[in-house]
Amino acid sequence: MSTDSTFQGRLDAIYIGARKLEDLQRVEEVEAVPGRGLVGDRYYLVEGTFSKPDTPDREVTLIESEALDAMACEADLRLNPHEARRNLVTQGVPLNHLVGKEFLVGGVLLKGLRLCEPCSHLESLTVKGVQKGLCHRGGLRAQVIRGGILRTGDVVRPYDFDHA
């Protein structure tokens, strides 16, 4: 996987949950709305554990499928993708390198805001050790810049102002 601006990855799965603490549900597509997030998700509905109105870093969360695989290998801790409590599961996307950068998921334009480090709340909902196992690879918090429909299988790539 490239760590520069030439990667091309894929959206493997989409998860949303309407209420805090409930299991996230897999969907094949979802609408992303600037200033709100993913239609039907707890943060879109301002129902999330850490919800505050107008908090762009809660609009969309992403995690690399490779991070979950690595944690399973290195720490013998396995999480199903929905248990990571991230909205979008990607493959072949260097999420840590997208902080401060805009990128496309299909036709939806997102901006990486900050890393989504695992916290004690995630560990309390999953298994002991997950906070350490996903340290520095817990994903990315992103803001919806240009909305649209996200679909499983969408291409994830850097935003190129000349060819967007």
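For every chain, the first residue of the written sequence is number 1, and numbering continues from 1 along that sequence. With pLDDT at 70 or above as the cut-off, local features in this predicted model cover only qualifying residues; side-chain atom pairs require 80 or more to be listed or tallied, and sums for whole chains, interfaces and linings still use all residues. Side-chain figures throughout are based on the complete set of non-hydrogen atoms in the structure, without hydrogens or water.

## A short note on the overall build of the protein
Part 1: Along its length, the protein carries three helices and 11 strands.
Part 2: Counting from the amino terminus, the protein carries its helices and strands in the arrangement β-β-β-β-β-α-β-β-β-α-α-β-β-β.
Part 3: For every residue, the accessible area (1.4 Å probe, protein chains only) is compared with the maximum for its type, and the residue is labelled buried under 20%, exposed over 50%, or partly exposed between those bounds. For the protein, the residues scored as buried account for 45% of the 164 residues in total.
Part 4: Contacts are residue-level and defined by heavy atoms, with any inter-residue pair within 4.5 Å sufficient. Taking the contacts inside the protein whose residues are at least 6 apart along the sequence as the reference set, 73% of them involve residues at least 24 apart.
Part 5: Accessibility throughout is a Shrake-Rupley quantity obtained with a 1.4 Å probe, and a residue counts as covered only by protein chains that appear here. For the protein, the computed accessible surface area is about 8200 Å², with 48% contributed by carbon and sulfur atoms. For the purposes of this entry, the term helix denotes a DSSP run of H or I that reaches at least four residues, the term strand denotes a run of E that reaches at least two, and both are numbered from the N terminus.

## Observations regarding the sheet that holds strand 10 (residues 148–151)
Consider a sheet: its strands pair through backbone hydrogen bonds, and that pairing is either parallel or antiparallel.
Part 1: Pairing within the open sheet is antiparallel, and its three strands lie in the order 4-3-10. With partners counted over all chains shown, the strands left at the sheet margins are strand 4 (37–38) and strand 10, one partner each.
Part 2: Any two strands with at least two DSSP-identified bridges between them are counted as paired. Both strand 3 (residues 29–33) and strand 10 contribute to a ladder of four bridges, which runs antiparallel. Bridging from a neighbouring strand, Val30 pairs with Leu150 of strand 10.

## Remarks on the packing of aromatic side chains
Part 1: Aromatic rings from Phe, Tyr and Trp, with only the six-membered ring used for Trp, were paired whenever their centres fell within 6.5 Å, and each pair was classed as stacked if the ring planes differed by under 30 degrees, edge-to-face if by over 60, and tilted otherwise. Counted by the stated rule, this structure contains zero aromatic pairs.
Part 2: Throughout this description, the term charge over a ring refers to an Arg CZ or Lys NZ atom that lies within 6 Å of the ring centre and within 35 degrees of the ring normal. Directly above the ring of Tyr44 sits Arg36, whose terminal nitrogen or CZ lies 3.9 Å from the centroid.

## Observations regarding unusual backbone geometry
Most peptide bonds are trans, and most residues other than glycine sit at a negative phi.
Part 1: A positive phi angle, near 60°, is found at Arg85, a position not held by glycine.
Part 2: Among the structural elements, Arg85 can be located in the loop between helix 1 (65–75) and strand 6 (88–91).

## What to know about the pattern of salt bridges
Part 1: By definition, a salt bridge exists where a carboxyl oxygen of Asp or Glu is found within 4 Å of a side-chain nitrogen of Lys or Arg. Following the criterion strictly, the structure yields four salt bridges and no others.
Part 2: When the shortest N-O distance is used, the salt bridge between Asp12 and Arg10 registers 3.0 Å.
Part 3: Judged by relative accessible area, which is 18%, Asp12 ranks as buried.
Part 4: Under the relative-accessibility criterion, Arg10 is labelled partly exposed at 37%.

## Re the environment of Leu45
Part 1: The residue Leu45 is located in the loop between strand 4 and strand 5 (60–64) in this model.
Part 2: Given the relative accessible area of 38%, Leu45 is considered partly exposed.
Part 3: Put simply, Leu45 and Ala18 are 27 residues apart on the chain and 7.3 Å apart in space, counted from C-alpha to C-alpha.
Part 4: Among residues more than four places away in sequence, those in contact with Leu45 are Ala18 and Gly40.

## Side note on the side chain of Thr90
Part 1: Within the element layout of this structure, Thr90 appears in strand 6.
Part 2: Ignoring any residue separated from it by four or fewer positions in sequence, one finds Thr90 in contact with Arg10, Asp12, Leu62, Ile63, Glu64, Ser65, Glu66 and Leu95.

## Describing helix 1
Part 1: Turning to helix 1, its buried residues number three or more, namely Ser65, Ala67, Leu68, Ala70, Met71 and Ala72.
Part 2: Within two residues after helix 1, Asp76 carries a phi angle of roughly 55°, on the positive side.

## Observations regarding the environment of Leu68
Part 1: Of note, Leu68 is situated in helix 1.
Part 2: Classification of Leu68 by relative accessible area gives buried; the value is 7%.
Part 3: Among all residues touching Leu68, those that are not within four sequence positions of it are Ile63, Leu79, Pro81, Ala84 and Leu134.

## Re the nonpolar core
Part 1: What makes a nonpolar core is a set of buried Ala, Val, Leu, Ile, Met, Phe, Trp, Tyr and Cys residues whose side-chain atoms join them at distances within 4.5 Å. One finds Leu38, Leu62, Leu88, Phe103, Leu110 and Leu150 to be the most contacted residues of the largest nonpolar core, which totals 22 residues.
Part 2: Elements with a minimum of two residues in this core: strand 1 (9–16), strand 3, strand 5, strand 7 (102–105), strand 8 (108–115) and strand 9 (140–146).
Part 3: Discounting residues that sit within four places of it in the chain, Leu150 has contacts with Leu11, Ile14, Glu28, Glu29, Val30, Ala32, Leu38, Leu88, Val105 and Val108.
Part 4: Counting residues in each nonpolar core, the second largest holds 13 residues, with Met71, Leu79, Val130 and Leu134 among its members.

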